[in-house]
Amino acid sequence: MASLVATATETLLSTVTVTVGTAAAAATGPPPQGGILEGVMPNAFIASNPIQLFIIQAGIIIILCRLLYYPLSFFGQPRVIAEVVGGIILGPSVLARIPGFQAAIFPTESMPVLNNAANIGLVLFLFLIGLEVDIRLFTSNWRVALSVGLAGMILPFGLGCGIAYGLYYQFKDEPNTVQIDFGVYALFIGTALAITAFPVLCRILSELNLLGTPVGVTVLAAGVGNDVVGWILLALCVALVNNANGLAALWVLLVAVGWVLFLVFAVKPLFHWALRKTGSIQNGPTQAMVGVTILLVLVSSWFTSIIGVHAIFGAFLVGLICPHDGGFAIHVTEKIEDLVTVLFLPLYFALSGLSTDLGLLNDGITWGYVVGVIAVAFTGKIVGGTLAARAMKLVWRESLTIGVLMSCKGLVELIVLNIGLQARILSQKTFTMFVVMALVTTVSTTPLTKWLYPPWYQKKLEQWKRGEIDWDGKPLQDPSQPGPLAQIQNAEIRRLLVYLRLDSLPSLFTFMSLLGDDKATPRDEKAQNPAPEEDPSQPPLSQTRRPLEAHALRILELTDRTSSVMKSTEGDDYSRRDPVVNAFRTFSQLHDVAISSSVIIAPEDSYARTVVDQASTQESDFVLIPWSEVGSNTEDQSIPHRVSSEDRFSGKSHLEFIRQSLTTAVCDTGIFIGNRFGGTTSSSTGRPPLPRTISQVSMRSQREAVLPPLVDKSHHVFFPYVGGVDDRAALRFVLQLAKNRLITATIANLRFSQNGNRGSAVSEGDMAPASPVSSVSKGAINTEVTAEDITLIASLKANLPTELASRVNFVDLSVSNSSVVEEVTKLAKDTVGKNSLNAGDVVIVGRRHPRLPVEARTLDQSNTEYDVQKTIGVFGQVLAMGDVRASVLVIQAGNSGSE
């Protein structure tokens, strides 16, 4: 009876429960569709619509990582540091300690969605890493790559296995770990300590301008091999962990090897054929082939995942088989890298930070192992890389720099650690220990490299290897210095460095034609009229005269994008294939100029240092830098945007580039502000106006007017001479130009009256007026007018060669300090720009003139004139920004004003 009552009661309660639940469901109906308008919290996680919380999570992560990266970038730290630190701040170490923060922003039920998006980004990122790895770099430098790469892996791998013994028995009972053999554990720890972050390494080398040095070539070549071997070892480790049965693990490895062979020998040829068939290599990837490439990545990732190897290994393999011909790898990277690096990667590293709890490092033994892991990571990589590099005949300091660079862990290490955490090889405590190690090694790489291998040491080492100096820095040759008049008459520019810009090519072409040998005889004419047999007693003829040597320097901007770094690692191909360089090379050779070239990808703030370093390396006599047509360093298009004169001279970054190039110049440097030089015309209007006459439409109605050939190829040069080292350098340049029969020149000798007010002294490089009570700096004294300057023009005029006397006109002009600028401007207008049919005139001026008054900037004055004057001097600013119908060349002597 009792059992019957119990059964009835249970049935009744269940019926009531079902009825109430059904009624409640009927009353409730579908979930609210009005969102916050119906009282739903904006951060609520809804399984059927998780996007709203995901957007909040992604927004917080991206904003925090960007805010952290801004200050860290000033210390040369890669973006991955900011992303990992941001994740740690969001995790249990900092913000998650706030009650309710994790439940509100990162609830447990939302983690699968965030994790899925992060892993999609990780798969695409490993594909980008595969694209970045150029196997040709390894094969072309296989000796150094093999020695440094193996030594940089074997020693840290062995030390890692040693410390793994202590870690294994100290932390093997930690929660959320699987019981694995010590051999597998040691394999993972050794791999984690032996791997090098190739992508971060490329960026560090690019930002420090080390790609073309022996250090950069060695590290990149070794890093390629290190990267590939590291991922293979990681795949082996994951396969062993996922398959406890040794026979199953062996089958997994065999299938993985078979998949690699299938991709290389079956998929790769077919894929490359399809790319060439669709023109994706020649013209950039089509949208269809980008879709095929992404599909290959997903299929390969899926296959390696289902056989027990991590999905990222499959994505990495597809990146390796993509071609680098025609810049295909770079083009594909450009199309997907922003989405991956801006959105997906911060999510992944934020998840790493959420798993990092610094509070777990709470006892002495744990911190002892943290220090031990960091010491092993540094010691193994630095010692192994240094000894291997030293064995390849590099000097000790170069070798030590290579070892430090190879110790960089970066984001690749964090990916390895996350795989270990997901596979439960590492506990959360050991994971946190290794994250600290990765941060320390990555943060230390850039400052240690700058300290070990600074630019001054690189320059000294290059000079020592070329035999110019001994190891103590003393020059091995001490040439005697000729007098001022002999310098003016005999010194010629034989080595010229030209900074190439696409928008300035017409002016640069004209300069090459004027500086080249205009008396050269065509080869066919020489063959038809062979020279008579030379008399040994007679001096050699002019044919032995060494031709002008020009080095064309093209600088492309290095950005935060991976594709930009890839361009820098393939710089040799760019130097041979860049159309601007090739056009300049062809024109120079046609005008009897020996030409070399280089294309360098550098950050915008190091453009000036790049120019100066190249001038030093090439031992240039003169550097020619054109002023941008649009006032920008990086805006260099085939059809540049039309800008006003104010905008052309107001670009802060371009002004800083010009100023730094002049301040740190190692040889004579000229800043060329083009204005119809070479016969080119510029129109201030945009589209041509409609004709006022009425006519029928014809085939010629839409054609541009044909420009006839330039009949008058002559140029007139105007040069105001005040004195000082810059004017002497400018005078040498004028006289070398005047040797060309197409050049006529007017040299105005400015004589200052004694009763004029003396101008303020100008400090070298700054060009700002010095305080009247302060003493004149050494740099300013070097630019002062000397007694030799006063008599130099008279001596030069008396000793001028006959061939130049007919084309060079000397004018004496008496001026005062208050009227000199106005008088020179008036004389320039009366001298140049008179012949509108010639190939354009040019005004050449020295940059620094301490006797000239420098205008002070007031609060209500425009900054442009002041900034330009501070950059190219008083004469340069007035003539360039005025209405003089000629181009302006501002010249500064090198070596900080010393001869």
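Everything numeric in this text was worked out from a predicted model, so none of it was measured.

(A) Seen up close, helix α34 (residues 863-881). Its 19 residues place the ends of α34 only 13 Å apart at the C-alpha level, less than the 27 Å of an ideal helix rising 1.5 Å per residue. When the local axis directions of α34 are compared, the greatest deviation, roughly 125°, occurs at G873. Burial runs high along α34: 15 of the 19 residues are buried.

(B) Structural view of the sheet that holds strand β5 (residues 668-673). Taken in spatial order, the 10 strands line up as β3-β2-β1-β4-β5-β10-β9-β6-β7-β8 in an open sheet, and their pairing is mixed. Looking along the sheet, the strands with just one partner apiece sit at the ends: β3 (593-602) and β8 (808-815). Strand-to-strand, the axes of this sheet are offset by a mean angle of 20°, without reference to chain direction. Across the sheet, helix α21 (residues 505-515) touches β1 (495-500), β2 (548-557), β3, β4 (622-626), β5, β6 (715-721), β7 (743-752) and β10 (887-892), and the angle it forms with β1 is around 170°. The sheet strands contacting helix α26 (residues 607-617) are β1, β2, β3 and β4, and the helix crosses β2 at an angle near 155°.

(C) Expanded view of the confidence of the model for the chain. When pLDDT is averaged along the chain, the result is 79; 79% of the residues meet or exceed 70. The least confident element of the chain, judged by mean pLDDT, is helix α30 (residues 778-782) at 42; the most confident is helix α12 (residues 287-306) at 94. Taken together, the stretch residues 520-529 has pLDDT below 50 and engages in two contacts with residues farther than four places along the chain or on a different chain. Here residues 534-544 scores under 50 on pLDDT; set against residues more than four positions off or in separate chains, the count is one contact.

(D) Representation of the side chain of K409 in the model. Note on placement: K409 falls in the loop between α16 (396-406) and α17 (410-422). Salt bridges are absent for the buried K409, whose nearest opposite-charge side chain, E413, sits at 4.6 Å. Beyond its immediate stretch of four places on either side in the chain, K409 contacts A192, L193, A194, I195, A197, A377, K381, M437, A438, T441 and T442.

(E) The arrangement of helix α2 (residues 51-73) in detail. Counted at 1.5 Å a residue, the expected span for α2 with its 23 residues is 33 Å, and the 32 Å between its end C-alpha atoms agrees. Turning to α2, its buried residues are L53, F54, Q57, A58, I61, L64, C65, L68 and Y69. Elements in contact with the buried residues of α2: α3 (79-90), α4 (101-105), α5 (111-132) and α14 (328-354).

(F) Region of the structure containing the packing of aromatic side chains. One pass over the structure, following the stated rule, counts 24 aromatic pairs. Where W456 meets Y457, the ring centres are 5.9 Å apart and the plane angle is 90°; that geometry is what we call edge-to-face. W456 sits in the exposed class, given a relative accessible area of 53%. The exposure class of Y457 is buried, given its relative accessible area of 4%. Centre to centre, the rings of F719 and Y721 are 6.1 Å apart; their planes meet at 70°, and the pair counts as edge-to-face. Each member of the pair, F719 as well as Y721, is classed as buried. Put simply, the rings of Y165, Y168, Y169, F182 and Y185 pair up and form one aromatic cluster. Of note, R397 hangs over the ring of Y457, and the distance from its end group to the ring centre comes to 4.5 Å.

(G) Region of interest: the pairing of β10. The element β10 is largely enclosed, with a buried count of six among its six residues. Side chains S887, L889 and I891 of β10 all project onto a buried face; the interleaved residues V888, V890 and Q892 project onto the opposite face, where all are buried too. Relative to β10, β5 runs antiparallel, the two being bridged by five bridges. Bridged to T669 within β10 is Q892. Here five bridges tie strand β9 (residues 842-846) to β10, and the two strands are oriented parallel to one another. Bridge pairing in β10 places V845 opposite V890.

Each value, and the rule that gives it
Residues numbered from 1 in each chain as written. Predicted model: local features only at pLDDT ≥ 70, side-chain atom pairs only at ≥ 80, totals over all residues. Heavy atoms only, no water. Helix = DSSP H or I, 4+ residues; strand = E, 2+ residues; numbered from the N terminus. Expected span 1.5 Å × (residues − 1). Bend = angle between axes of the 7 residues up to and from the residue. Buried < 20%, exposed > 50% of the residue type's maximum accessible area, 1.4 Å probe, protein only. Pairing = 2+ DSSP bridges. Axes fitted to C-alpha atoms, helices over the stretch in contact; angles between N-to-C directions. Contact = heavy atoms within 4.5 Å. pLDDT = per-residue confidence, 0-100. Lys, Arg positive; Asp, Glu negative; His and termini not counted. Salt bridge = Lys/Arg side-chain N within 4 Å of Asp/Glu carboxyl O. Phe/Tyr/Trp six-rings, centres within 6.5 Å; stacked < 30°, edge-to-face > 60°. Lys NZ or Arg CZ within 6 Å of the ring centre and 35° of its normal.

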